[in-house]
Amino acid sequence: MTSARAVGVDIGGTGIKAGLVDLAKGELIGDRVRVATPSGAKPQDVLGAVQEVLTTLGVAEDRVPIGIDFPAIVKNGRTLSASNVSADWKDFEAEKFFEKGLGRDIHFVNDADAAGVAEVRYGAAKGKPGLTILTTLGTGIGSAFLYNGVLVPNTELGHLLYKGKSIEKYAAVSVKEDKELSYKKWAKRLQVFYSLVEFLFSPDLLVVGGGISKHADEFLPLLKLDTPIVPAVHRNFAGIIGAASLAGD
Ligand code: BGC
């Protein structure tokens, strides 16, 4: 049986966000809760922060399903990479670790894949045939491939190589902030990224998520692409909504 409500927890390199989600509407019920990602993002500290957001939401003792997303490759509950978090997450039984620490089952998924699920079920990719590629622009760059509505997980486009490094080190929002790049200058870097993605995968639609997507008007019109590119309908809430939706399945 599917649930009517579920909690989504979106773990990012900078913030950990959580909310209770109405699964029929794909919308948050009440406020989103946020804490900063603990410095170093080690497993025990991240678990503590997740416990904190669940307590603040008032669901720590509830039996409502919980989905947690994380900024790493997630395969069979294990985190296989660690780019913007502690190296302790590499080859780590993360899902079991959270389940033990929280004393309950969870659904565990990559953060961009969670956002992709939210957009395909309730947002910009809903009902879209062919290949939609959602990218999240934030501390790193995440990606979700949705082919005829089906998620192909762990695509990791932020790690396409550009000048010998992961392209997220050139084009993520964190780089824009560190280098104090204007939208115009940053858009030139995004152009490199999206042109490469467009050439390699010939998508039918590009969807842009992450907190910066609320300022999409500042940079999407500067990009020259053949593929339509739109902001995620659920902006920075997509991860929470997608993680919750998967937990409710
Ligand atoms: C990670 C991805 C993640 C993305 C966005 C990248 O560094 O490798 O797994 O989806 O950041 O958080």
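Look up a bit, the structure's there.
About the criteria used
Within every chain, residues take consecutive numbers counted from 1 along the sequence as written. For a predicted model such as this one, the threshold for reporting local features is a pLDDT of at least 70, and the threshold for listing and counting side-chain atom pairs is 80 or more; totals across whole chains, interfaces and linings nevertheless cover every residue. By convention in this description, side-chain values take in all heavy atoms of the structure and omit both hydrogens and water. The buried label goes to any residue with under 20% of its type's maximum accessible area, the exposed label to any with over 50%, and the partly exposed label to all in between, with areas taken from a 1.4 Å probe on protein chains only. Comment: elements are numbered from the N terminus, with helices defined as DSSP H or I runs of at least four residues and strands as E runs of at least two. Criterion used throughout: strands pair if DSSP finds at least two bridges between them. For helices, the fitted axis covers only the stretch in contact; all axes are lines through C-alpha atoms, and the angles between them, taken along N-to-C directions, range from 0 to 180 degrees. Any angle that falls under 35 degrees is termed roughly parallel, while one over 145 is termed roughly antiparallel, one within 65 to 115 roughly perpendicular, and all others oblique. Here, two residues are considered to be in contact whenever any of their heavy atoms come within 4.5 Å of each other. Following the grouping adopted for this structure description, the nonpolar residues are Ala, Val, Leu, Ile, Met, Phe, Trp, Tyr, Cys and Pro, the charged ones are Asp, Glu, Lys and Arg, and the polar ones are all others, Gly among them. Put simply, two rings from Phe, Tyr or Trp (the six-membered ring, in Trp's case) pair if the centres are within 6.5 Å, and we call them stacked under 30 degrees between planes, edge-to-face over 60, tilted for the rest. Lysine and arginine charges are scored as sitting over a ring when NZ or CZ, respectively, is within 6 Å of the ring centre and within 35 degrees of the ring normal. Lining residues are defined by having an atom within 4 Å of a point belonging to a cavity or pocket. Those points lie on a 1 Å grid over the protein atoms alone, cavities being sets where a 1.4 Å probe fits but cannot get out and pockets being open sets with protein on both sides within 12 Å along at least five of seven lines. Grid points are joined across faces, edges and corners, and a volume is the space filled by probe spheres set on the points. Where each domain begins and ends follows an automated or database-derived domain assignment.

S.K.: Looking at this model, I keep getting lost on the pairing of strand E1 (residues 5-11). Mind explaining?
M.R.: Two faces belong to every sheet, and in a regular strand the side chains alternate between them. Burial of E1 is extensive: six of the seven residues sit out of reach of the surface. Note that E1 and strand E2 (residues 15-22) share seven bridges and pair antiparallel. Pairing of valine 7 across the sheet is with leucine 20, part of E2. Hairpin remark: E1 followed by E2, antiparallel, with three residues in the connecting loop. One ladder, built from four bridges, connects E1 with strand E4 (residues 66-70); its direction is parallel. Within E4, the position partnered with valine 7 by the bridge is isoleucine 66.

S.K.: What is the right way to look at the packing of helix H3 (residues 111-122) against helix H8 (residues 238-248) in this model?
M.R.: When two helices pack together, their arrangement is given by the angle between the helix axes and the distance between those axes. H8 packs onto H3 with a crossing angle of 80° between their chain directions and a minimal axis gap of 7 Å. Considering the angle they form, H3 stands roughly perpendicular to H8. Across from Ala114, Ala115, Val117, Ala118, Glu119, Arg121 and Tyr122 in H3, the residues of H8 making contact are Ala238, Gly239, Ile241, Gly242, Ala243, Ser245 and Leu246. For the contact of H3 with H8, the class distribution of residues is nine nonpolar, three polar and two charged.

S.K.: Can you walk me through the packing of aromatic side chains in this structure?
M.R.: Aromatic ring pairs are described here by two measures, namely the spacing of the ring centres and the angle between the planes. In this structure the tally under the stated criterion is 14 aromatic pairs. Their ring planes at 20° and their centres at 5.9 Å tell us that tryptophan 89 and phenylalanine 98 sit as a pair that is stacked. Taken as a pair, tryptophan 89 and phenylalanine 98 share a single burial class, namely buried. If you follow lysine 176 out to its NZ or CZ, it ends over the ring of tyrosine 183, 4.2 Å from the centre.

S.K.: Got a minute to help me understand the layout of surface pockets in this structure?
M.R.: Over the atoms, a rolling probe the size of a water molecule traces out where space has been left empty. Of the volumes computed, that of the largest pocket is approximately 730 Å³. In this structure, the largest pocket is lined by 43 residues; those nearest its centre are Gly12, Asp111, Leu137, Gly138 and Thr139. In the lining of the largest pocket, the residues fall into 12 nonpolar, 21 polar and 10 charged. Residue contributions to the lining of the largest pocket reach at least three from each of two domains, namely domain 1 (5-113 + 238-248) and domain 2 (127-232). Taken together, 15 residues line the second largest pocket, and the ones lying closest to its centre are Val74, His107, Phe108, Val109 and Pro153.

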